[in-house]
Amino acid sequence: MRILEVNRVDKKTFHFGLTGYPLAHSLSPALHDAALAATGLEGSYDLFPISPLPDGFDDLAALVNRVHTGQLDGLNVTIPHKQSVLQFVEECSPAVKRVGAANVIYRLNGHLVAENTDIPAFKEDLNTWLSDFTSEFLPPRRALVLGAGGAARSVVDALLSDTWKVVIAARNLQQAVDLCASLSPYYPTGGLDTTTLTAPALKKLEPPFLIVNTTPAGMWPDTDLSPWPDGLALPETSFVYDLVYNPAETALVKAARAVPIPALSGGGMLIGQAALAFTLWTGRPAPKQVMRRVFDQKAGLAEKPSSKRGSLL
Ligand code: NAP
């Protein structure tokens, strides 16, 4: 079935959604509601929790079809559907093909397209942050990525495409090796290695300039957890970027600031990926400052003890 595209620029009402499981306390509805209002648009952003496949297969297929039929103008996708959703779309962007995961579904000229806005969002947030410090020197582009799950795929791809040399450290080495094997063909000049996420293994590395946490360690409610191995000092010349944004100051970010070395958590990346999705869905620039204000308010709320653990996309 081919659907005629409504001209998005003339459209004034948009319906978006997020699927994943679980979806407790997502910040995305607030970010997108605020973006719609600030852009003079109307609409909604709903949560569609769907069980992991195979149980959720029919529900996920039906939900994606709602983007095809125009009932939904855009869909965000989070764990555990970032990979499994690809079987329901007609086109994958080059970034989605590289990392094998999408966080955004939208309709373009009647086609269902899967996109990954985590990659450019991470890249932009990282580079904006680093440029505050590095305008006067050229840092060695050596990065250590902690974790080898879905977010690590996007982060490693972003770093390699920006000419960083990357070591992936994972507690399950095989996961890091698999990630390395699937991304390496896209980066034939190399620069990607793996190791175990243990103190002895990290001690052997050349000190990284950049350490990126892509594990959920430290995310509310386990706020005392850090992915950094016990008994190993953080390198005094490193910068730390933690993808976790709830709490805004994770145990890892606190430890880095205590050294003291510069550290940033993932709120900017979250806002960036939402802003890029908003533009794909509406054809309009996203009001990022408004989204940032909403994030700052809501991230504080999300840390309250009444919150339950869950995705915060
Ligand atoms: P995922 O696919 O489940 O991957 C998590 C990875 O972390 C796996 O390699 C896992 O290893 C490892 N891990 C989990 N707990 C660990 C621990 N305590 N110590 C060491 N390694 C650990 O999850 P994901 O989608 O990559 O998301 C990871 C985090 O990134 C989440 O907190 C998510 O909210 C955040 N994130 C933020 C943004 C943003 O915009 N800021 C975007 C995407 C994701 P095992 O397989 O051994 O458990």
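The paragraphs below set out a description of the structure included in this document.

What counts and how
Residues numbered from 1 in each chain as written. Predicted model: local features only at pLDDT ≥ 70, side-chain atom pairs only at ≥ 80, totals over all residues. Heavy atoms only, no water. Near = heavy atom within 4 Å. Polar contact = N/O pair within 3.5 Å; in protein donor to acceptor, adjacent residues only side chain to side chain. Areas by Shrake-Rupley, 256 points an atom, 1.4 Å probe, with all protein chains shown as cover. Helix = DSSP H or I, 4+ residues; strand = E, 2+ residues; numbered from the N terminus. Nonpolar A, V, L, I, M, F, W, Y, C, P; charged D, E, K, R; others polar. Buried < 20%, exposed > 50% of the residue type's maximum accessible area, 1.4 Å probe, protein only. Arc of directions from axis to C-beta. Contact = heavy atoms within 4.5 Å.

### Considerations on the site of the ligand
Contacts to the ligand come from 19 residues, most closely from Gly150, Ala151, Arg171, Gln175 and Leu243. The separation between a nitrogen atom of the ligand and a polar main-chain atom of Leu243 is 3.0 Å. Backbone polar atom of Gly266 to a nitrogen atom of the ligand: 3.0 Å apart, as the coordinates give it. Protein coverage of the free-state accessible area of the ligand, which is 930 Å², stands at 78%. Of all the secondary structure elements, the ones that give two or more residues to the shell around the ligand are α5 (150-161) and α9 (267-282). Taken together, the residues of the shell around the ligand sort by class into twelve nonpolar, six polar and one charged.

### Quick look at helix α6 (residues 173-183)
The set of residues buried in α6 consists of Ala176, Leu179, Cys180 and Leu183. End-on, the buried residues of α6 take up no more than an arc of 100°, which puts them together on one face. As for α6, its buried residues are in contact with α3 (94-99), α5, β8 (165-170) and β9 (192-196).

### Topic: helix α8 (residues 251-258)
Residues of α8 that are buried include every one of Ala251, Leu252, Val253 and Ala256, and no others. Of the surrounding secondary structure, the elements contacted by the buried residues of α8 are β10 (210-213), β11 (239-242) and β12 (263-265).

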